[in-house]
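So the chains spell out like this:
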Amino acid sequence: MDTEVVKRAAELLSARATVVISGAGLSTDSGIPDYRSPDSPPRTPMTYQQFVGDPVFRQRYWARNHIGWRRMDAARPNPGHRAVAQLERAGVVSGVITQNVDLLHMKAGARRVIDLHGTYARVRCLRCAKLISRMTLAQHLEAANPGFAENLSAAPTGIEVAPDADAVVTDTERFRMVDCLSCGGLLKPDIVYFGENVPSDRVEAAFDMIDEAQAILVAGSSLTVMSGLRFVRRAAKNGVPVVIVNRGRTRADELATLRIDAGCSETLRALAAEFPSAEPAVPDGAPYRLSVK
């Protein structure tokens, strides 16, 4: 770790209300792979149009998600998430806009978090808009597919899980889906798919957070998609410093005041050490469950 570049980052963020924009690269040290780092294998995420328009795609997704959401639920914050929460408690970070759906910022104890792309832990009916927890749906899917998850969990080789809780499972043809118990409509994870727009109220709240910011810290995002890049562009237009921590290039490199090509865990932990210490908000390994409202 280059201590001088970390000190420079601390100087840029010191005495400023900093908004963190985080991406999948922050969660790789928690065992959740990303899409676009130099070492990531090729991935083809399901689109919204495929999910709603093709029952075969939908069946495949729910079978894979039935395994993947459990792995994501079991993931625990890494030192990068904990550093962000500590910086918030120290008064350096004023809020977090995350492109991740893994809830690891909240598990680490961060308090002001906008889950830009939703969360793996909730499911929404596309007809009546009712929300249920992913745990509740899991119970219904278990009843419809007895032994499915247990048989796969007992497999001798590990199952890879993508950043959207999609597990690499091939035997999905006999998997039985479950519709909304209230109206019979299609159920969909409360996650923004490719080809789907981020809800406008969420975007407005994120822009409000950016406009309040006095500095921006990008952590683990290549900013390839516009849903994250637009906030960095807004911040740069507002004239606030932008610090980027990411392995590999990003689409906002030309906007960065400081660019750190390194891993998030070690960099953010070193950055947090530059500020008055604050105890982690949540003890290591503490459970977290999202309540559905």
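Residues numbered from 1 in each chain as written. Predicted model: local features only at pLDDT ≥ 70, side-chain atom pairs only at ≥ 80, totals over all residues. Heavy atoms only, no water.

**Describing the overall build of the protein chain**
Helix and strand counts for the protein chain stand at ten helices and nine strands. The buried share among the 293 residues of the protein chain stands at 53%. Taking all contacts inside the protein chain whose residues are at least 6 apart in sequence as the whole, residues at least 24 apart take part in 74%. Carbon together with sulfur atoms contributes 50% to the accessible area of the protein chain, which is approximately 13,400 Å² in total. (Helix = DSSP H or I, 4+ residues; strand = E, 2+ residues; numbered from the N terminus. Buried < 20%, exposed > 50% of the residue type's maximum accessible area, 1.4 Å probe, protein only. Contact = heavy atoms within 4.5 Å. Areas by Shrake-Rupley, 256 points an atom, 1.4 Å probe, with all protein chains shown as cover.)

**A look at the pattern of salt bridges**
Scanning the entire structure with this criterion turns up twelve salt bridges. Asp190 serves as the salt-bridge partner of Arg124, at 3.4 Å between the closest nitrogen and oxygen. In this pair, Arg124 sits in strand β4 (residues 118–125) while Asp190 sits in strand β6 (residues 187–191), placing the two residues 66 residues apart along the sequence. Of the residues examined, Asp190 reaches a relative accessible area of 8% and is grouped as buried. Sharing partners across several salt bridges, the network here consists of Arg122, Arg124 and Asp190. (Salt bridge = Lys/Arg side-chain N within 4 Å of Asp/Glu carboxyl O.)

**Quick notes on the sheet that holds strand β2 (residues 93–98)**
In spatial order, the strands read β3-β2-β1-β7-β8-β9; together these six strands make up an open sheet with parallel pairing. Of all strands in the sheet, those with a lone pairing partner are β3 (113–115) and β9 (258–260), marking the two edges. This sheet shows a mean twist of 15° between the axes of neighbouring strands, independent of strand direction. For strand β1 (residues 18–22) and strand β7 (residues 215–219), the ladder comprises five bridges, and the chain directions are parallel. Bridging from a neighbouring strand, Val20 pairs with Leu217 of β7. The strands touched by helix α1 (residues 3–13) within the sheet are β1, β7, β8 (242–245) and β9, with β9 carrying the most contacts at an inclination of about 140°. (Pairing = 2+ DSSP bridges. Axes fitted to C-alpha atoms, helices over the stretch in contact; angles between N-to-C directions.)

**Points about the pairing of β4**
With six of eight residues buried, β4 lies mostly within the body of the structure. Once β4 ends, the chain turns through five residues before running back antiparallel as strand β5 (residues 131–133), passing Ala129 with a positive phi of about 70°.

**Some words on the pairing of β1**
Burial analysis of β1 places five of its five residues in the buried class, the great majority of the element. Burial along β1 is two-sided: Thr18, Val20 and Ser22 and Val19 and Ile21, pointing in opposite directions, are all buried. As defined by bridge partners, β1 adjoins β2 across five bridges and the pair is classed as parallel. Across the sheet, residue Val19 finds its bridge partner in β2, namely Gly95.

**Re the environment of Asp29**
Its location among the elements puts Asp29 in the loop between β1 and α2 (48–53). Remark: the alpha-carbon pair of Asp29 and Arg76, spanning 47 residues in sequence, is separated by 9.5 Å. In contact with Asp29, not counting residues within four places along its chain, are Asn78 and Ser265. Within the structure, Asp29 has its side chain in polar contact with the side chain of Ser265 (distance 2.6 Å). (Polar contact = N/O pair within 3.5 Å; in protein donor to acceptor, adjacent residues only side chain to side chain.)

**So, the side chain of Thr250**
Turning to its location among the elements, Thr250 is positioned in the loop between β8 and β9. Here the side chain of Thr250 touches Ala252 through a polar contact of 3.1 Å, landing on its backbone nitrogen. Polar contacts involving the side chain of Thr250 include one to the side chain of Asp253, which spans 2.6 Å. Residues contacting Thr250, with those up to four places away along its chain left out, are Ser221, Ser222, Leu223, Ile244 and Arg259.

**Some remarks on the nonpolar core**
The biggest cluster of nonpolar side chains holds 30 residues, and the ones touching the most others in it are Trp62, Tyr120, Leu137 and Leu187. The set of elements that each furnish at least two residues to this core consists of α3 (55–74), β4, α6 (134–144), α7 (148–153) and β6. The element that contributes the greatest number of residues to this core is α3, accounting for six residues. With 29 residues, the next largest nonpolar core counts Leu13, Leu217, Val243 and Phe275 among its residues. (Core = buried A, V, L, I, M, F, W, Y, C linked by side-chain atoms within 4.5 Å.)

**With respect to the packing of aromatic side chains**
Tallying each qualifying case throughout the model produces seven aromatic pairs. Between Phe51 and Tyr61 the ring centres are 5.9 Å apart and the planes differ by 85°, which places this aromatic pair in the edge-to-face class. Residue Phe51 is found in helix α2, and its partner Tyr61 is found in helix α3; the two are separated by ten residues along the sequence. The exposure classification of Phe51 matches that of Tyr61, with both residues buried. Counting every residue linked through ring pairs, the aromatic cluster contains Phe51, Tyr61, Trp62 and Tyr193. The residue whose ring lies beneath Lys188 is Tyr193, and the NZ or CZ to ring-centre distance is 4.4 Å. (Phe/Tyr/Trp six-rings, centres within 6.5 Å; stacked < 30°, edge-to-face > 60°. Lys NZ or Arg CZ within 6 Å of the ring centre and 35° of its normal.)

**A word on unusual backbone geometry**
If you check the backbone angles, Leu103 has positive phi at about 65° while not being a glycine. One can find Leu103 in the loop between β2 and α5 (104–107).

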